[in-house]
Amino acid sequence: MRRLTTAMFALFALVGCTAQGSQGNTGARPEASGANESDAAGGNYTYRLPIAAYSYTDAEYASIDAAENVLAGKCMARYSLTYQPPKPTPATPGADRRYGLSEERSATLFGYRPDSSYRAAPQPMKLGKHERTVLYGNREGAGNSKPLEYRGKKVPDHGCLGQAKDEFGKAYAYPEGAGKASRISSQSYRDSMLLPEVQAVFKQWSACMKKSGYTYSLPSDPFSAEKFRVGPVTAQEKETAQADVACKRSTGLLEVWFTAESAVQKTMIAEHSEALEKLRDLHAKKVAAARKVLAEG
């Protein structure tokens, strides 16, 4: 039985994975918040998977980030400094690529390259030297372990922003539960690929691609082609990507794979339900705490 290369597995699984950054960001997507009809209609497979119930929504991430900035601002005020973070620019969700290419628009624009349409341009903050030192602490000076002070007052090692993130998040940290959620997301992907129904639909997709003049055994194969990784996106790459998506649609590959992985995840979640429910509860509390910080200003 043919297996994905490590690199290709990493591409697909990590693109689809809902965990982001630190363990505190692996959790609580309220059960129905991700799996709505617009997601289903738009092919948002990642957020329709059962494990997505234990991941934040984009709005929840934004609330937590904004709350941490409010707390950082209060810390800065204790040094008689003003901190006005830029207003966050909402990012438009890109094409879901957990199972490879899934949307014709993304395939047409980007081929097999990362879909950059969702990336919001960061707004630079205008900070003076003192503001940067107090906001970021020793992070601003690589290798500098000397304690920082500003006007005779000690500055937190990681600055006001680092302190805000650490102190706000520590009450809700649950590495064990976060690790379980992350492992389920990656292991279910691997296990689902080996199921007979998924293997069968891979063969159907491969046969469909061959009729269009392309020889690939697995949906991951085009991603490993150097011509689709180096240099500008060519007409050939776009045509291949469009055929890829068309064959996924005609064979039902995306829904077959999604259904199979969902079943695998449900079994895994049931085996770790206590830890995952604790994770979701802690993250729901963190979101509520963030909203309280924002309400109080």
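The model shown is predicted, which means the values in this text are computed figures rather than measured ones.

1. Comments concerning the state of the cysteines
Under the definition given, this model contains two disulfides. Two residues share a disulfide in this structure: C75 and C160, whose sulfurs sit 2.0 Å from each other. Between C75 and C160, the disulfide has an S-S torsion of -60° and is therefore left-handed. Of the two residues, C75 is situated in helix α3 (residues 58-77) and C160 in helix α6 (residues 159-169); the sequence distance between them amounts to 85 residues.

2. Focus on the side chain of D115
Mapped onto the secondary structure, D115 falls in the loop between α4 (104-110) and α5 (129-136). Although D115 is buried, it forms no salt bridge, and the closest oppositely charged side chain is R105 at an N-O distance of 4.9 Å.

3. Points about the nonpolar core
Side chains of a nonpolar character, in soluble globular proteins, are inclined to be buried together. Y99, L101, F202, M209, L253 and W257 are the most contacted members of the largest nonpolar core, which totals 29 residues. At the level of elements, α7 (175-193), α8 (196-211), α9 (235-251) and α10 (253-271) are the ones that each hand at least two residues to this core. The element best represented in this core is α8, accounting for six residues. The residues touching M209, leaving out its near neighbours within four places in the chain, are Y214, Y216, T240, A243, D244 and C247. Residues A72, C75, V134 and Y150 belong to the second largest nonpolar core, which totals 16 residues.

4. Here we look at helix α11 (residues 273-296)
Helix length check: α11 (24 residues) gives 34 Å between terminal C-alpha atoms against 34 Å at 1.5 Å per residue, within 8%. A275, L276, L279, R280, L282, H283, K286, V287, A289, A290 and V293 are the residues of α11 that are buried. Looking one or two places after α11, you find G297, whose phi comes out positive at around 70°.

5. Overview of unusual backbone geometry
The bulk of non-glycine residues show a negative phi, and the bulk of peptide bonds are trans. The backbone phi angle of S80 is positive, close to 60°, even though this residue is not glycine. One non-glycine residue, R151, lies in positive phi territory at about 55°. On the secondary structure map, R151 appears in the loop between β1 (149-150) and β2 (153-154).

6. Digging into α8
Since the α-helix advances by 3.6 residues per turn, residues separated by three or four positions end up pointing in the same direction. For α8, which comprises 16 residues, the first-to-last C-alpha distance of 23 Å matches the rise-based estimate of 22 Å (1.5 Å per residue) to within 8%. Along α8, the positions that sit buried rather than exposed are V198, Q199, V201, F202, W205, S206, C208 and M209. Residues of α8 that are buried in the fold lie against α7, α9 and α10.

7. Things to note about the pattern of salt bridges
The full count for this structure, using the stated rule, is nine salt bridges. Ionic pairing is found between E68 and K165, a salt bridge with its closest N-O pair at 2.8 Å. With E68 in helix α3 and K165 in helix α6, the pair connects residues that are 97 residues apart, well separated along the chain. Owing to a relative accessible area of 7%, E68 belongs among the buried residues under this scheme. The partly exposed category is assigned to K165, whose relative accessible area is 35%.

8. Examining the packing of α3 against α6
At their nearest, the axes of α3 and α6 sit 8 Å apart, and the two run at 125° to each other. Accordingly, the angle class assigned to the pair α3 and α6 is oblique. Taken as a pair, α3 and α6 cross one another with a handedness that is right-handed. Contacts from I64, D65, E68, N69, L71, A72, C75 and M76 in α3 reach C160, L161, Q163, A164, K165 and F168 in α6. For the contact of α3 with α6, the residue count by class is nine nonpolar, two polar and three charged.

9. A few points about the packing of α8 against α9
A pair of packed helices is captured by two measures, namely the crossing angle of their axes and the spacing between those axes. Packing of α8 against α9 brings their axes to within 9 Å, and their N-to-C directions diverge by 135°. Here α9 runs oblique to α8, going by the angle between their axes. α9 is crossed by α8, and the crossing has right-handed handedness. On the side of α8, the interface is formed by V201, Q204, W205, C208 and M209, while α9 contributes T240, A243, D244, C247, K248, S250 and T251. Residues of the contact of α8 with α9, tallied by class, amount to six nonpolar, four polar and two charged.

10. A word on the packing of aromatic side chains
Scanning all chains against the criterion turns up 10 aromatic pairs. Following the ring pairs from residue to residue traces out a cluster consisting of Y45, Y99, Y189, F202, W257 and F258. Positioned above the aromatic ring of F258, the side-chain terminus of R48 is 4.3 Å from the ring centre. Between K153 and the ring centre of Y79, over which it is positioned, the NZ or CZ distance is 5.3 Å.

Conventions used here
Residues numbered from 1 in each chain as written. Predicted model: local features only at pLDDT ≥ 70, side-chain atom pairs only at ≥ 80, totals over all residues. Heavy atoms only, no water. Disulfide = S-S within 2.5 Å. Helix = DSSP H or I, 4+ residues; strand = E, 2+ residues; numbered from the N terminus. Buried < 20%, exposed > 50% of the residue type's maximum accessible area, 1.4 Å probe, protein only. Lys, Arg positive; Asp, Glu negative; His and termini not counted. Salt bridge = Lys/Arg side-chain N within 4 Å of Asp/Glu carboxyl O. Core = buried A, V, L, I, M, F, W, Y, C linked by side-chain atoms within 4.5 Å. Contact = heavy atoms within 4.5 Å. Expected span 1.5 Å × (residues − 1). Axes fitted to C-alpha atoms, helices over the stretch in contact; angles between N-to-C directions. Parallel < 35°, antiparallel > 145°, perpendicular 65-115°, else oblique. Left-handed = near helix turned anticlockwise from the far one by under 90°. Nonpolar A, V, L, I, M, F, W, Y, C, P; charged D, E, K, R; others polar. Phe/Tyr/Trp six-rings, centres within 6.5 Å; stacked < 30°, edge-to-face > 60°. Lys NZ or Arg CZ within 6 Å of the ring centre and 35° of its normal.

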